[in-house]
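Below, each chain spelled out in residue letters.
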Amino acid sequence: MAPAALQVEAAASCGPAECGPAGPNARTRWFQMLADPTRMAILTLLLTGPHHVGQIVAATRLPQSRISNHLACLRTCRLVVAERQGRRVLYRIGDPRLRLLLDLADDLAAGSNDLTDCGF
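Below: a short report on this structure.

Here is what the cut-offs are and how they apply
Residues numbered from 1 in each chain as written. Predicted model: local features only at pLDDT ≥ 70, side-chain atom pairs only at ≥ 80, totals over all residues. Heavy atoms only, no water. Helix = DSSP H or I, 4+ residues; strand = E, 2+ residues; numbered from the N terminus. Buried < 20%, exposed > 50% of the residue type's maximum accessible area, 1.4 Å probe, protein only. Polar contact = N/O pair within 3.5 Å; in protein donor to acceptor, adjacent residues only side chain to side chain. Pairing = 2+ DSSP bridges.

### Some details on the side chain of His 70
Then, in step 1: Structurally, His 70 is set in helix α4 (residues 64–76).
Then, in step 2: A relative accessible area of 4% means that His 70 is categorised as buried.
Then, in step 3: At 3.1 Å, the side chain of His 70 forms a polar contact with the side chain of Arg 39.

In structure tokens, the structure reads:
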């Protein structure tokens, strides 16, 4: 059974600077990389288990090129790993701690009454 389509807004660009070398702004860059709605939709889907690009495209209803670009970003930042299976590539979460981080973020967001005061 195919998952329901994930709602995704317009995506920001991704580049090596978003998860570049450690330094004073490393944490900020890392959270900015996670803040993209398309990347978050991909990660949310992959937290349910490994998926091929076609399955991610079907779930998000976004063009394959866009999904592939975001997967490349997530791979560069080591949040996603890829495993070639013949002509297809299987993507999965690269670090199990990501689930804990996102669960914690969900708990913190649920405790926030109104994020509009923060500019969101």
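On we go.
### With respect to the sheet that holds strand β1 (residues 51–52)
Then, in step 1: Within the open sheet, the three strands sit side by side as β1-β3-β2. Their pairing is antiparallel. Every interior strand has two partners, whereas the edge strands, β1 and β2 (80–85), have only one.
Then, in step 2: Pairing of β1 with strand β3 (residues 88–93) involves two bridges; the strand directions are antiparallel. Its bridge partner being in β3, His 52 is matched across the sheet by Leu 90.

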